[in-house]
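Here is how the chains run, residue by residue.
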Amino acid sequence: MPNYFRYTIITILSCLLFLPFLGVVHLFDWDEINFAECAREMIVSKDYLRAQIDFMPFWEKPPLFIWMQVLAMKLFGVGAYAARFPDACIGILTLVTIYYVGKRVVNEKMAAWWVLLYAASWLPHFYFKSGIIDPAFNFFIFLSFFQVHLLRFSPRKIVHAILAGLFLGLAVLTKGPVAILVALLAFAVYVGVNRGLNGYKLKHLLVIALCAAMPVLLWLGSTVAVYGITYGRWFVSQFILYQVRLFSTEDADHGGPFFYHFIVLLLGCFPASVLLFQYGRKKVADKEPARDLTKWMWILFWVVLILFSIVKTKIVHYSSLCYFPLTYLAALQLYRLGSDPVKLKKRVKTMMLVIGSLLAVLITVLPIIGIDKEKLIPYIHDPFAVANLAAPVSWSYSECAWGIMYLSGIWISVLMMNKNFRNGMIALCILQIVIIQVTVLHFTPKIEAYTQGAAINYFEGFQGKDVYVHSLGYKSYANLFYTNKLPSSNTNYQAVRVDKKGRELQPEANEKWLLYGNVDKPVYFICKIQDSVKFAKVPTLVGIGSNDGFVFFKRK
């Protein structure tokens with residue numbers, strides 16, 4: 001089969017997996033709406049150099065991914081589909097790229113397993129249908145590491161050094177200096193493991209560093225040229241201070257134990273994750289390029305996992321950079337299991353059955369919980385969650401069939417592996433892809449209706465109206481994106497904040513002025529039900545309704 005035909009098939013199948021139905025559910029607060037709102041405000045303000053939130057400086061993230069969303073919104077209009085379109089494109093590029101990498105370093109069979117396994121794992125697949133920064137960031141980091149790997153074996157060393165640096169620079173321009181931190185830590189571990197540079201030359205490392213700086217310096221230089229050196233110096237200092245705070249302090253809503261990401265990867269990357277337990281102490285006689293890339297992948301996996309386990313703020317997608325090395329290492333095991341006289345270890349089969357069954361049971365009981373939620377409510381002590389369950393979401397017992405099919409398919413696939421491992425694994429991967437699509441298209445909209453549906457409907461009701469809409473007691477970007485908010489001309493609207501140490505924080509709407517000040521247009525508020533008693537006592541507010549855990553107010 002010609003090479004171009006294989007790449008064409010992967011591209012077509014990837015398009016079918018990732019491009020349809022991206023807008024079937026609203027964007028989720030925070031991250032999805034955060035980045036989409038930055039893109040929308042770029043279009044409204046025609047200021048494409050600076051990211052903004054509520055038309056105020058937003059220094060938490062660089063602009064590359066937001067620029068991608070701007071282009072998508074220019075093509076498809078402002079909405080959920082456009083906001084998620086860049087990640088879908090990254091998903092297509094990812095599957096094509098890993099096939100190329102696997103084929104070049106190992107062989108075609110391993111490359112095919114890698115593509116299939118990546119598409120069949122829950123979170124790696126799911127994030128290509130989202131609107132967050134991480135898939136693009138991970139893709140650029142992986143490309144940079146791959147070029148560094150090629151630097152050892154290719155005669156065109158300067159080309160690979162330049163590409164490694166440029167891809168690393170694009171990663172920095174996507175998410176920030178965490179890209180540099182990951183790269184430096186991984187290279188330091190690589191040098192330590194090999195007890196030296198292992199063939200790398202300092203001049204090539206210098207080229208990588210210079211090329212990595214180029215994309216960021218071009219952006220910052222353009223910003224300084226347009227807005228002045230004073231603004232540029234201030235923005236860079238705030239950006240760096242924010243990154244330091246992110247690593248050193250725990251977000252009040254996103255804490256977790258040290259082993260948080262271990263559990264996330266084990267469950268969220270099923271079935272690829274369990275194949276890592278197939279590894280043992282026995283060394284495999286791979287060719288040197290394959291051994292080197294495998295070494296890089298193990299190092300990248302552990303550096304990312306440990307780094308973000310140490311970081312106090314715990315969010316599921318923080319460990320998503322592990323998806324590339326995890327699926328590579330798992331695919332390597334699948335290739336060996338299909339080619340060598342190696343048997344699937346009993347512990348791996350057991351984990352496949354246990355974790356797969358657990359996930360299948362969760363999908364099976366989801367409709368039952370929706371139908372018989374009154375029986376569950378007495379055991380829930382969160383008033384907001386209880387009120388969420390009042391949302392009018394339609395369920396039927398027939399929907400349990402998806403979970404039952406998944407459970408049956410897991411067991412049948414694992415049993416098939418006893419007779420023909422290759423066919424059993426392919427059956428499991430196909431089953432995974434089908435169930436992931438069902439979850440995204442059928443179950444996710446229902447979950448969204450519970451968690452934020454009432455709030456989104458409330459915000460959408462203010463589109464085209466000249467009003468302020470503000471959330472009380474919780475952070476949200478939906479009140480900006482789904483009201484299509486325009487810039488405020490009143491200078492009292494913006495509040496400058498500082499932390500306990502006197503450091504400037506992200507500016508935001510002046511809540512005190514909106515509640516008590518001499519406002520210039522109607523003001524509407526939303527809060528969660530557990531905070532409603534407190535805000536109902538505010539003398540300037542009058543309640544105008546509630547719905548599914550959210551309570552609505554208006555300024556008198």
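Scroll up for the structure.
As the structure is a prediction and not an experimental result, all values here were calculated from the model. (Residues numbered from 1 in each chain as written. Predicted model: local features only at pLDDT ≥ 70, side-chain atom pairs only at ≥ 80, totals over all residues. Heavy atoms only, no water.)

Asker: Run through the pairing of strand 7 (residues 541-547), naming residues and quoting values.
Answerer: When strand 7 meets strand 8 (residues 550-555), the two strands line up antiparallel, connected through 6 bridges. Each residue of the ladder has a partner; that of G545, found in strand 8, is F552. Following strand 7, the chain reverses through 2 residues before pairing antiparallel with strand 8; D548 in that reversal takes a positive phi of roughly 50°. (Pairing = 2+ DSSP bridges. Helix = DSSP H or I, 4+ residues; strand = E, 2+ residues; numbered from the N terminus.)

Asker: Quick one: what's the story with the packing of helix 4 (residues 80-105) against helix 7 (residues 134-153), residue by residue and with numbers?
Answerer: Direction vectors running N to C along helix 4 and helix 7 enclose 20°, while the axes themselves pass 10 Å from each other. The angle between helix 4 and helix 7 falls in the class roughly parallel. Regarding helix 4 and helix 7, the two cross each other, and that crossing is left-handed. When helix 4 is examined against helix 7, the residues D87, I90, L93, T94, T97, I98, Y100, V101, R104 and V105 are found in contact with a partner set consisting of P135, A136, F139, F142, L143, F146, H149 and L150. Looking at the contact of helix 4 with helix 7 residue by residue, the classes come out as 13 nonpolar, 3 polar and 2 charged. (Axes fitted to C-alpha atoms, helices over the stretch in contact; angles between N-to-C directions. Parallel < 35°, antiparallel > 145°, perpendicular 65-115°, else oblique. Left-handed = near helix turned anticlockwise from the far one by under 90°. Contact = heavy atoms within 4.5 Å. Nonpolar A, V, L, I, M, F, W, Y, C, P; charged D, E, K, R; others polar.)

Asker: Would you mind going over the nonpolar core in detail, with residue names and values included?
Answerer: If you look at soluble globular proteins, the nonpolar side chains tend to sit buried side by side. Ranked by size, the top nonpolar core spans 174 residues in total, and within it M352, Y406 and M425 carry the most contacts. Look past the residues within four positions of Y406 in its chain and what remains in contact with it is W122, F270, G356, L359, A360, I363, L431, Q432 and I435. (Core = buried A, V, L, I, M, F, W, Y, C linked by side-chain atoms within 4.5 Å. Buried < 20%, exposed > 50% of the residue type's maximum accessible area, 1.4 Å probe, protein only.)

Asker: An account of the pattern of salt bridges is requested, with residue identities and associated values reported.
Answerer: All told, the structure shown has 11 salt bridges when counted by the stated rule. Ionic pairing is found between R6 and E108, a salt bridge with its closest N-O pair at 3.2 Å. Of this pair, R6 sits in helix 1 (residues 3-18) while E108 sits in helix 5 (residues 108-120), and the two are 102 residues apart along the sequence. Each of the salt bridges in this network shares a partner with another, and the network as a whole consists of R152, E288, R291 and D292. (Salt bridge = Lys/Arg side-chain N within 4 Å of Asp/Glu carboxyl O.)

Asker: Describe helix 18 (residues 400-419), with residues and values.
Answerer: Between the first and last C-alpha of helix 18 there are 30 Å, a value that for 20 residues agrees with the 28 Å anticipated at 1.5 Å per step. All of the buried residues in helix 18 are C400, G403, Y406, G409, I410, S413, V414 and M417. Those residues of helix 18 that are buried lie in contact with helix 6 (122-126), helix 15 (346-371) and helix 19 (421-451). (Expected span 1.5 Å × (residues − 1).)

Asker: Explain the pairing of strand 3 (residues 468-472) to me, using residue names and the numbers behind them.
Answerer: In terms of burial, strand 3 is a largely internal element, 5 of the 5 residues being buried. Sheet topology places strand 3 next to strand 6 (residues 523-528); 5 bridges connect them, and they run parallel. Pairing of H470 across the sheet is with F525, part of strand 6.

Asker: How would you explain a nonpolar patch on the surface if you had to name every residue and give the values?
Answerer: A cluster of nonpolar side chains, namely F258, F259, F262, I263, L267, W302, I306, I310, L358 and L362, defines an oily patch on the protein surface of about 930 Å² accessible area. Elements supplying a minimum of two residues to the nonpolar patch: helix 12 (260-268), helix 13 (288-310) and helix 15. Along the chain, W302 falls in helix 13. On the basis of relative accessible area, W302 is assigned to the partly exposed category, the value being 40%. (Patch = residues over 30% accessible without salt bridge, like charges linked within 9 Å, V, L, I, M, F, W, Y side chains within 5 Å. Areas by Shrake-Rupley, 256 points an atom, 1.4 Å probe, with all protein chains shown as cover.)

Asker: Residue-level account of the packing of aromatic side chains, with values.
Answerer: Under the criterion given, the structure shown has 37 aromatic pairs. Ring geometry for W122 and Y406: centres 6.2 Å apart, planes at 65°, overall edge-to-face. Residue W122 is found in helix 6, and its partner Y406 is found in helix 18; the two are separated by 284 residues along the sequence. Between F145 and W296, the aromatic rings sit 5.6 Å apart at their centres with planes inclined by 85°, giving edge-to-face as the arrangement. Taken together, the positions of F145 in helix 7 and W296 in helix 13 put the pair 151 residues apart, joining distant regions of the chain. Residue F145 is classed as buried on the basis of its relative accessible area, which comes to 6%. (Phe/Tyr/Trp six-rings, centres within 6.5 Å; stacked < 30°, edge-to-face > 60°.)

Asker: So, unusual backbone geometry: which residues are in play, and what are the values?
Answerer: With omega at -5°, the peptide bond leading from D29 into W30 counts as cis. Positionally, W30 belongs in the loop between helix 1 and helix 2 (31-45). With an omega dihedral of 5°, the bond running from F270 to P271 counts as a cis peptide bond. With respect to the element layout, P271 can be found in the loop between helix 12 and helix 13. You will see that R195, though not glycine, has its phi angle at about 55°, which is positive. Among the structural elements, R195 can be located in the loop between helix 9 (178-194) and helix 10 (202-227). Positioned with a positive phi, D548 is a non-glycine residue whose angle comes to about 50°. Structurally, D548 can be placed in the loop between strand 7 and strand 8. Given a relative accessible area of 13%, D548 falls into the buried group.

Asker: Help me get a handle on the sheet that holds strand 3, residues and values and all.
Answerer: Taking strand neighbours across the sheet as the criterion, the 4 strands line up as 3-6-8-7 in an open arrangement whose pairing is mixed. Each edge of the sheet is formed by a strand with only one pairing partner; in this case those strands are strand 3 and strand 7. For this sheet, the mean angle separating the axes of adjacent strands, direction not counted, is 25°.

This is a description of form; function is not addressed.
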